[in-house]
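# Fold and contact review
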Amino acid sequence: MKKIGILIFIGWINFTFSQDLDIYKKTDNSNYKIPDISKEMTYEEFKILGTNLRMQDMMIATILPGHVHFKIGEKKTAYYILGTRALGYGAWAYLALNNKSLFNIVLYDNYTFWNNTSTGDKIVAYTSVVLMVGSYFYDWIHGKYVLEEKQNKIRYKYAKKKAKLSLGSIKLNNKNYPALSFSYTFQ
């Protein structure tokens, strides 16, 4: 059993540090394409616009609590996630020190085992699982949402500055009646 666990762990480590998988078609190389940058844009805003969350980040977040929030610059939230996951690991360590198995308590449902496990151990086991899994999903889902919101705010801010509202002139067309036009121009 330990050998299988070690093999799975080595494969998982190899997968997390290997080349990232792309599910969508990538049409251009962003390393060579130089974007038009507004003079008012800061480096932090530019960095947020260039940040993408990928499957590799999802795998790293399983090991490093708060990875997604650290990547998008939300350090306070990332430290909360780190603390929450540490509580989950602490509860798991508590069970291990008392010669209990988290996996046996949570996964196996036979009556003899349940009769031998105290209610307190069950609560600690389920709390541990909820803290570890919940903090992972919160990191990934909330981090993705916050990143998209930050990117949209930055795009909106600079798109608003680029857009000019211009009042067109009164023109006579072929039918000889006046017309008024409005136009948006983007530079």
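Please read these numbers as outputs of a predicted model, since none were measured by experiment.

Cut-offs and rules
- Residues numbered from 1 in each chain as written.
- Predicted model: local features only at pLDDT ≥ 70, side-chain atom pairs only at ≥ 80, totals over all residues.
- Heavy atoms only, no water.
- Phe/Tyr/Trp six-rings, centres within 6.5 Å; stacked < 30°, edge-to-face > 60°.
- Buried < 20%, exposed > 50% of the residue type's maximum accessible area, 1.4 Å probe, protein only.
- pLDDT = per-residue confidence, 0-100.
- Helix = DSSP H or I, 4+ residues; strand = E, 2+ residues; numbered from the N terminus.
- Expected span 1.5 Å × (residues − 1).

### Here's the deal with the packing of aromatic side chains
The description of an aromatic ring pair uses the distance of the two centres, along with the angle that the planes make with each other. Inspection of the entire model under this criterion finds two aromatic pairs. With centroids separated by 5.1 Å and ring planes inclined at 85°, the aromatic side chains of Phe 70 and Tyr 79 adopt a geometry described as edge-to-face. Among the residues examined, Phe 70 registers a relative accessible area of 27% and is labelled partly exposed. On the accessibility criterion, Tyr 79 (52% relative accessible area) is exposed.

### Considering the confidence of the model for the protein
Looking at the protein as a whole, the pLDDT averages 76, with 64% of positions reaching at least 70. Between the elements of the protein, mean pLDDT differs from a low of 48, seen in strand β1 (residues 164-167), to a high of 94, seen in helix α4 (residues 67-71).

### Details of the environment of Gly 50
Position of Gly 50 relative to the elements: it lies in the loop between α2 (43-49) and α3 (55-63). The class of Gly 50 is exposed, set by a relative accessible area of 57%. Put simply, Gly 50 and Gln 151 are 101 residues apart on the chain and 8.8 Å apart in space, counted from C-alpha to C-alpha.

### Considerations on helix α5 (residues 75-97)
The terminal C-alpha atoms of α5 lie 32 Å apart, and with 23 residues this matches the ideal 33 Å at 1.5 Å per residue to within 8%. By the burial criterion, the buried members of α5 are Thr 77, Ala 78, Ile 81, Arg 85, Gly 88, Ala 91 and Leu 95. Phi for Asn 99, located one or two positions after α5, is positive at around 55°.

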